[in-house]
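Residue-level listing of the chains:
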Amino acid sequence: IEGFETDVGTKSNFTTMNPSVLPQNYEGYLNDSRVLAKFVKRLRLIDDQILHIPAFVTVKGRDDVDFANNVIVEEDLPLKVTYAPRHVNPKLKSMWKQKYKAKMWRAPSTGSIMFVLAVSLCEENHMYGFYPFSNDTQGRQIKHHYYGDLVSTRNHAMDKEFETFQELHQRK
């Protein structure tokens, strides 16, 4: 959240990291000690909070998850790590369809996974930063994450998720 402190909630001790963060934002992390140091610095910002990694939702992220786990152990970082269950995507899609009559989309985004977790655990929830469009009202490109330069994704149907969240908000 570095650089976005005023935008992010202050009563949270839960951070999520998609395994794709490593190859997308820390290119060369396996061979470049400066890139590795940058990644470790970012993990240190989490301090002794919870880091949730939707680790086993795709096969190709496994090596990145193993690497992140090893870094956490080797650097003796105080954070606590949790993982998404192996078959979370199909179960979430089914839940969205049955419970919320949601329009179906491809793989649920990390944001929608965190929403389900939050409404399961918390009495009151506030969403922020969830804007599914590629451009703002002035036509400027928008990043889809607080980190890196990812400006669009083909893995998720962000517009459909956004519509579903809007419909849920209208129900109150």
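Predicted model, so just to flag it, every value in this text is computed and none were measured.

## Concerning the overall build of the chain
Helices and strands together make up the secondary structure of the chain, namely 6 helices and 3 strands. The buried share of the chain, taken over its 172 residues, is 34%. A separation of at least 24 residues holds for 67% of the contacts in the chain among residues at least 6 apart in sequence. Accessible surface for the chain amounts to roughly 11600 Å². Of this, 51% is attributable to carbon and sulfur atoms.

## Structural notes on the packing of aromatic side chains
Considering all chains together, one arrives at 3 aromatic pairs under this definition. Ring plane angle 65 degrees and centroid distance 5.2 Å describe the contact between Tyr26 and Phe39, whose orientation is recorded as edge-to-face. Taken together, the positions of Tyr26 in the loop between α1 (21–25) and α2 (33–46) and Phe39 in helix α2 put the pair 13 residues apart, joining distant regions of the chain. Of the residues examined, Tyr26 reaches a relative accessible area of 5% and is grouped as buried. When the ring of Phe115 is compared with that of Phe165, the centres are 4.9 Å apart and the planes differ by 70 degrees; the resulting orientation is edge-to-face.

## Focus: the side chain of His52
Checked against the element boundaries, His52 lands in strand β2 (residues 50–53). Reaching out from His52, the side chain makes a polar contact with the side chain of Thr82 at a distance of 2.8 Å. Every residue in contact with His52, bar those within four places of it in the chain, is listed here: Phe14, Thr15, Thr16, Met17, Thr82, Tyr83, Ala84 and Met114.

Reading the values: rules and limits
- Sequence order as written defines residue numbering, which begins from 1 separately in each chain.
- Since the coordinates come from a predicted model, pLDDT governs what is reported: local features require at least 70, and pairs of side-chain atoms require 80 or more to be given and counted, while whole-chain, interface and lining totals use all residues.
- Calculation of side-chain values draws on the structure's entire complement of heavy atoms; hydrogens and water are dropped beforehand.
- In this text, helices come from DSSP runs of H or I with a minimum length of four residues, and strands from runs of E with a minimum of two, each type numbered from the N-terminal end.
- Each residue's exposure class comes from its accessible area (1.4 Å probe, protein chains only) as a fraction of the maximum for that residue type: buried when under 20%, exposed when over 50%, partly exposed otherwise.
- Residues count as neighbours in contact if any of their non-hydrogen atoms are within 4.5 Å of one another.
- Note on areas: these come from Shrake-Rupley sampling with a 1.4 Å probe, and a residue is covered only by the protein chains present in the view.
- Each pair of aromatic rings taken from Phe, Tyr and Trp, with Trp reduced to its six-membered ring, is defined by centres within 6.5 Å and is described as stacked if the planes are under 30 degrees apart, edge-to-face if over 60, and tilted in the remaining cases.
- Polar contacts here mean pairs of N or O atoms no more than 3.5 Å apart (in protein, one a potential hydrogen donor and the other a potential acceptor; neighbouring residues in sequence count only if both atoms are side-chain atoms).

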